Amino acid sequence: MMQVLVAGSTGNTGQRLVRELHERGLKPVAMVRESSDTSGLPEGVAQRQADLTDLSDDITEGCDVVVFAAGSGGDTSAEMTDKVDRDGAKKLIDLSVANGVRRFVMLSSIGAGDPDPDHELGHYLQAKHEADEHLKATDLEYAILRPVALTDESGTGEVRLGENVDPKGEAARGDVAKLLADAAESPEWVGKVLHMESVG
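Just so you know, these numbers come straight off a predicted model, no measurement behind them.

About the criteria used
- The written sequence of each chain sets the order in which its residues are numbered from 1.
- In keeping with the predicted nature of the model, local features appear solely for residues at pLDDT of at least 70, side-chain atom pairs appear and are counted solely at 80 or more, and the whole-chain, interface and lining totals rest on all residues.
- Just so you know, side-chain values use all the structure's heavy atoms and leave hydrogens and water out.
- Going along the chain from the N terminus, every DSSP run of H or I of four or more residues is numbered as a helix, and every run of E of two or more is numbered as a strand.
- Nonpolar cores are built from buried Ala, Val, Leu, Ile, Met, Phe, Trp, Tyr and Cys residues. Side-chain atoms within 4.5 Å join them into one set.
- Classification of residues uses two cut-offs on accessible area relative to the type maximum, computed with a 1.4 Å probe and protein chains only: under 20% is buried, over 50% is exposed, and between them is partly exposed.
- Throughout, a contact is declared for two residues whenever any of their heavy atoms are within 4.5 Å.
- Expected span of a helix, by definition, is 1.5 Å for each gap between consecutive residues, and there is one gap fewer than residues.
- One speaks of a salt bridge when a side-chain nitrogen belonging to Lys or Arg is within 4 Å of a carboxyl oxygen belonging to Asp or Glu.

(A) Structural context of the environment of Asp51. By the secondary structure assignment, Asp51 is in the loop between strand S3 (46–49) and strand S4 (65–68). Here the alpha-carbon distance between Asp51 and Ser35, two residues 16 residues apart in the chain, equals 9.9 Å.

Here's what the structure looks like:
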């Protein structure tokens, strides 16, 4: 059974992803902080305590796939954004390489490919950009999903991927979670960097 470590497992998208993986018969491992509210996770799902700002070397041990679905949030300081979205992601990537993980799936953001320093999220997008580039430079199988603005909707499964995505559109977290699960499982996602929006 494929073991999938989920960073950001107690977040709005992460909880949906853990449930999706669980329902597909995979073996999600929820990476949780000591202070995390784990009540939204499916019963019986394995947990590993960790903090993206201080990762232990064995956090990715025994995992086939790692999904980075974490985020410092839009209201955090530039310093925390760097610690979580850039440095935490890069460290998790390095530990995935070191521990023989096969695939790494990155939840990124539209605009991270070519971050605009004048954008209101410019610092965040730069952090995501650096993490994405770090991942692409490894030998890991990778998939990078770059959704537009996230909503807390479940979604319909109707999505648009690629260059025709409306940058001002919306992406339902439920749709994002399903796509991240697809990317964890399917060989068709390997090496892909895709923009995404919900259209249903």
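(B) The arrangement of the nonpolar core in detail. Of all hydrophobic cores here, the largest spans 32 residues; its most connected members are Leu17, Leu21, Val67 and Leu180. For this core, the secondary structure elements donating two or more residues are strand S1 (3–7), helix H1 (12–23), strand S2 (27–32), S4, strand S5 (103–107), strand S6 (141–147), helix H4 (173–185) and strand S10 (192–198). Ranked by residue count, the leading element in this core is H4, at 7 residues. Residues within four places of Leu180 in sequence aside, it is in contact with Thr13, Leu17, Val67, Ala69, Val105, Leu107 and Leu145. Judged by nonpolar contacts, the second largest core, of 25 residues, contains Val29, Ala70, Leu92 and Met106.

(C) Layout of helix H3 (residues 122–136). Between its terminal C-alpha atoms H3 stretches 21 Å, which fits the 21 Å expected from 15 residues at 1.5 Å a residue. Along H3, the positions that sit buried rather than exposed are Gly122, Leu125, Ala127, Lys128, His129, Ala131, Asp132 and Leu135. On its buried face, H3 sits against S4, helix H2 (78–98), S5 and S6.

(D) Just the environment of Ala50, in detail. Tracing the sequence through the fold places Ala50 in the loop between S3 and S4. The exposure class assigned to Ala50 is buried, which follows from its relative accessible area of 11%. Residues Ala50 and Glu34, spaced 16 residues apart in sequence, show a C-alpha to C-alpha distance of 7.4 Å. Setting aside anything within four residues of it in sequence, one finds Ala50 in contact with Met31, Val32, Arg33, Leu55 and Ile59.

(E) Region of the structure containing the pattern of salt bridges. As enumerated under the stated definition, the model contains 12 salt bridges in all. For Arg24, the salt bridge goes to Glu185, with nearest N and O atoms at 3.0 Å. Taken together, the residues span a long stretch of sequence, with Arg24 in the loop between H1 and S2 and Glu185 in helix H4 at a distance of 161 residues. Residue Arg24 is classed as partly exposed on the basis of its relative accessible area of 27%. On the accessibility criterion, Glu185 (36% relative accessible area) is partly exposed. Of the charged contacts in the structure, one is a salt bridge between Asp82 and Arg86, with a shortest N-O distance of 3.8 Å. With a gap of 4 residues between them, Asp82 and Arg86 both fall in helix H2, about one helical turn apart. Judged by relative accessible area, which is 16%, Asp82 ranks as buried. If you follow the salt bridges from partner to partner, you end up with Glu20, Arg24, Asp182 and Glu185 in one network.

(F) Structural detail: the side chain of Thr151. On the secondary structure map, Thr151 appears in strand S7 (residues 149–151). Discounting chain neighbours no more than four positions away, the residues touching Thr151 are Glu170, Ala171, Ala172 and Arg173.

(G) Just the environment of Gly40, in detail. Considering the arrangement of structural elements, one finds Gly40 in the loop between S2 and S3. A sequence separation of 28 residues divides Gly40 from Asn12, and the C-alpha atoms of the two residues are 9.4 Å apart. Contacts of Gly40, omitting those with residues within four sequence positions, involve Gln15 and Arg19.

(H) Molecular detail of the side chain of Thr13. The topology assignment puts Thr13 in helix H1. Residues in contact with Thr13, not counting those within four places in the same chain, are Leu107, Leu150, Arg173, Val176, Ala177 and Leu180.

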